[in-house]
Amino acid sequence: MEEIKDNLERELLVMREYFRSGRTKEADWRRAQLKGLQVFLKENEVDIFKALNQDLGKHYVEAFRDEVGLLRKSLNLALSDLKKWMSSKERLLAVVGALAKLPIMAVLSYAEVVPEPLGLVLVISTWNFPLALSLEPMIGAIAAGNAVVLKPSELAPAISSLLVNTLPNYLDNKAIKIIEGGPAIGEKLLQQKWDKIFFTGSGKVGRIIMSAAANHLTPVTLELGGKCPAVLDSLSWSWDKEVELMKVMIKKMYGDNPKELHSVARIINKHHFQRLKNMLTDPMVEKSIIFGGSMDEDSLFIEPTILVDPPLESAIMTEEIFGPLLPIITLDNIEDSIDFINSKSKPLAIYAFTKNEKFRKRMLSETSSGSLVFNDAIIQFAADTLPFGGIGESGVGKYHGKFSFDTFSHYKAVARRSFLTDFWFRFPPWNNQKLELFETAYNYDYIGMLLVILGLKRSRMRFDVN
Amino acid sequence: MGSEVEKKAVFDTEAAKVVVKELRESFAAGKTKSYEWRVSQLKAILKMMEENEPQIVAALREDLSKPELESSIYEIAMLKNACKLALKEMKHWILPEKAKTSLTTFPSSAEIVSEPFGVVLVISAWNYPFLLSLDPVVGAIAAGNAIVLKPSEIAPASSSLLAKLVETYMDNSCIKVVEGGVTETSALLEQKWDKIFYTGNGRIARIVMAAAAKHLTPVVLELGGKSPVIVDSDINLQVATRRIIAGKWGCNNGQACISPDYVVTTKDYAPKLVDSFKRELERFYGKNPVESNDLSRIVNSNHFARLSKLLDEDKVSGKIVHGGERDKTNLKISPTILLDVPQDSLIMNEEIFGPLLPIILVDKVEDSFDVVNSTGTKPLAAYLFTNDKKLKEKFVATVSAGGLVVNDTTVHLAVHTLPFGGVGESGMGAYHGKFSFDAFSHKKAVLYRGFGADAFVRYPPYTNGKLRLLRALVNGGLLDIIRAIFGWSKA
């Protein structure tokens, strides 16, 4: 292990040197890497679909919709907007603002904000969207000009293997490395100093990551999870009719024998299968199943399952489910859902299906979550003009679209002055008149300043503490 | 002082829990979210400053021997400006930001809504005790949060006055001051906060972030570092010298996070620079600066001892070319310049935070960038004095710091359209102006969809036809989309 650690440290040192050479800051380098990712996705699409199917039983249309397609969209955006993102866009605003707002002593300054890469960053991915959640952050890191180390999830080994063995052929390996492994490698990586760590996963590991980052004052983005509620207003029918409708829809989408259809991904592994099985086989919970419930351990298959009003203290209602079980909680008034949601930790997303304008407004102002979607679910993930991230237990920081670029950048403030003017009252020795001048300057009170200079403004009561 | 603040016997974890609980209840009741409440609290801070200026100046005199002008301008006036800006702009800041939507989520409308984090902790520092306490608080209030402020115990008169003033002027059910040192701060850090804003040094910052990690609490850390000043030769030397002096000794006698820490200049130019410093320093502070009333003292004997040690190191004690006078009783050290200091000396390996200015010599001015970047840590600020356009460009491109200023020092602090914060060892996050509001706001993504059009392509059973359509949607080409809908294959 020591040898691995030393090798790792050496590799990272070389990567830092390369970063310091300035190569990754250049626009053409960034473009080349992003294009490399595009070609990787195009040339290996079949292998990607195969790997996702192998790791998760994911159907290739789902794989395209949620992983490959989204990555392609993000890459298109990054390539088309890169120049805009890299520029000191704030310059004009700041100058205008500066001219309008600065105290007179700084009126001859120009002010701008310049984005720069943080340096050497670590991206730790997860297993459920193993390709998307590895490459989406990487797109941001590269667009921002950083050197990147990616650790894909060992629980999706086929994708991890593809990333380690094939992806390097499309990228600059001096600045971008993919390191495979489980918790042991993860630990070694966390002992190193990074300029940023981007983590997707559970809150438990998120805490470990942030604690490790604290040792080096490394900023972090943590994309975590939670129990995302879907709030269903009565609309034009009651909830049991809704359930009937759900049953019909599920049959329509997945047929009478969902296991055979291959449209439903399987459970990732035996550990998670057992976890979900335990949730369902809890005797108090079993009673509340009204649809589905069948499981097959050999094929790691669990049928889409609906429950109504399982006990609130049961695991299925206190832990993030992360599986095909949907408990429905019924309330007397839909407004009570707000208190219900607020009694739990802040989720990554809240989905509210309602036409009631008043209820919508209350939802917006009285609940807190990473995102809030009215009358749909999940789709905010595809909107690259919206920040995607959590709050509280569901995470720290955000990304997608330009927010990805921002999360891997340092926005450096730059102010310039000429030598020409300087205001003599800026320097000691201090006296009351200089104080008056400063005060009028700070109040943008130019007339007042003139009066003080001309000796026409009466000094207000000053106290002598000297 | 006749303070009516009840000093609790021991502020322990239990006491901290009680404070947080009360603030959570106030926050949950919606008090701090109201626009009127935010306005009232900001006005209260303004009133507090206006009605207590003499007392504030006196407290700063007691804690730091800070000159009245520095107190009035850098603490009180800047704070008043922050309040006034927030009062003027808050109505714009709180508006949701519309976000464009695309074909993939059609039809929909989207916006980004700012909401308060909730109950936040602001831990302040001793060198600008009023500014660094209330400036973040202004942002927290504007964003609608409930707040606990922990001022620094190293400036006790200011801490005490702050506690009294906040209790008198502000809504105590939502904004509280907790005074104290390590014990009290640790008790506070054990609690779950929705955001922590810390100003101070890197060592404590690590402790703060580690405590925050237990609760996944986001943090802003405003730290420091060795802010270098690179001085080129073909410049207006007098103006440059004055601006460096104003930023160093004119800012709490070098005890400021963005004070010029050290100078880098060429061997050829150094003698001219040193002479200019000597001239201007005498002009500002007289022949006996240790007795000048225009310089803050060293804050306490710990720091006095620390700075003395830096001066007494063998490698360095012979390099003093100006100043070096010390008055231990009154905790005064005169403006001191050291020439040609070795880079492995103590004084070049920690943030000085005092009135000592080492000058590092290089052959060519371009070599300064290597010196600055070789320290391995990114400072809060970096300064360059030059008329050479190419040098300016290289400076901005290669030197990484929280903020850069060309041909001046520290002024970027006053530009509220510039984010103020560090990078790497000098910190994370930023504030000032709208950035303060943003630092204390959660930006919630909100997507509104109609029930109207539903994209059947999203739903199983999955087919090749759906895949073709999804591909076309992603690529955005109208022709592709039409082809896919009609089942025509690409030619």
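Residues numbered from 1 in each chain as written. Chains lettered and ligands numbered in written order. Predicted model: local features only at pLDDT ≥ 70, side-chain atom pairs only at ≥ 80, totals over all residues. Heavy atoms only, no water.

Visitor: I'm lost on the interface of chain B and chain A in this one. Help?
Guide: Where the parts come together, the accessible area they lose is often given as the size of the interface. Taken residue by residue, the interface counts 106 residues in chain B and 103 residues in chain A. Buried area between chain B and chain A, summed over both chains or domains, comes out near 9000 Å², and the portion from carbon and sulfur atoms is 62%. Between chain B and chain A we count two salt bridges in total. A:Asp376 serves as the salt-bridge partner of B:Arg449, at 2.7 Å between the closest nitrogen and oxygen. Put simply, chain B and chain A have 33 residue pairs in polar contact (both at pLDDT 80 or more) between them. Tallying contributions element by element places helix H4 (residues 68-93) of chain B first for the side of chain B that touches chain A, with 11 residues. Of the residues belonging to the side of chain B that touches chain A, the class tally is 54 nonpolar, 25 polar and 27 charged. Taken together, the four bridges between strand E16 (residues 409-416) of chain A and strand E16 (residues 403-406) of chain B define a ladder with parallel strand orientation. Opposite A:Val414, over in E16(B), you have B:Leu404 as the bridge partner. (Contact = heavy atoms within 4.5 Å. Buried area = accessible area lost by both parts, 1.4 Å probe. Salt bridge = Lys/Arg side-chain N within 4 Å of Asp/Glu carboxyl O. Polar contact = N/O pair within 3.5 Å; in protein donor to acceptor, adjacent residues only side chain to side chain. Helix = DSSP H or I, 4+ residues; strand = E, 2+ residues; numbered from the N terminus. Nonpolar A, V, L, I, M, F, W, Y, C, P; charged D, E, K, R; others polar. Pairing = 2+ DSSP bridges.)

Visitor: So what exactly am I meant to see when it comes to the nonpolar core here?
Guide: If you look at soluble globular proteins, the nonpolar side chains tend to sit buried side by side. Ranked by size, the top nonpolar core spans 112 residues in total, and within it A:Phe40, A:Leu131, A:Leu135, A:Val149, A:Leu163, A:Leu222 and B:Leu221 carry the most contacts. Here the element with the most residues in this core is helix H4 (residues 60-86) of chain A; it accounts for 10 residues. Beyond its immediate stretch of four places on either side in the chain, B:Leu221 contacts A:Leu217, B:Tyr198, B:Ala205, B:Val208, B:Met209, B:Ser426, B:Gly427 and B:Met428. (Core = buried A, V, L, I, M, F, W, Y, C linked by side-chain atoms within 4.5 Å. Buried < 20%, exposed > 50% of the residue type's maximum accessible area, 1.4 Å probe, protein only.)

Visitor: Quick question: what am I supposed to make of the sheet that holds strand E7 (residues 219-222) of chain B here?
Guide: The strands making up a sheet associate through hydrogen bonds between their backbones, and the pairing can be parallel or antiparallel. All names here are of chain B. Spatially, E5-E4-E3-E6-E7-E17 is the arrangement adopted by the six strands of the open sheet, whose pairing is mixed. Each having just a single partner strand, strand E5 (175-177) and strand E17 (427-428) make up the two edges of the open sheet. Bridge analysis of strand E3 (residues 119-123) against strand E6 (residues 195-199) gives four bridges, and the strand direction is parallel. By the bridge assignment for E6, Val122 is matched with Phe197. Across the face of the sheet, helix H1 (residues 13-28) comes into contact with E3, strand E4 (146-150) and E5 while running at roughly 150° to E4. (Axes fitted to C-alpha atoms, helices over the stretch in contact; angles between N-to-C directions.)

Visitor: Where do I start with the UniProt feature "active site" (unreviewed entry) in chain B in this structure?
Guide: Residue and element names in this part refer to chain B. With numbering aligned to this structure, UniProt lists the feature "active site" (unreviewed entry) at Glu222 and Cys257. A stretch of 36 residues holds the annotated residues, and the largest C-alpha distance among them is 8.8 Å, short enough that they meet in one place. Following the sequence through the fold, Glu222 ends up in strand E7. Overall, the relative accessible area of 3% leaves Glu222 in the buried class. Leaving out residues up to four positions away in the same chain, Glu222 has contacts with Phe197, Tyr198, Thr199, Gly200, Phe420, Gly421, Ser426, Gly429, Ala430 and Tyr431. If you trace the backbone, Cys257 turns up in the loop between helix H9 (237-248) and strand E9 (262-266). In this structure, Cys257 is in contact with Asn127, Leu223, Gly224, Ser227, Glu351, Phe353, Leu380 and Phe420, ignoring residues within four places of it in sequence. (UniProt positions renumbered as here; feature names shortened; annotations may be inferred.)

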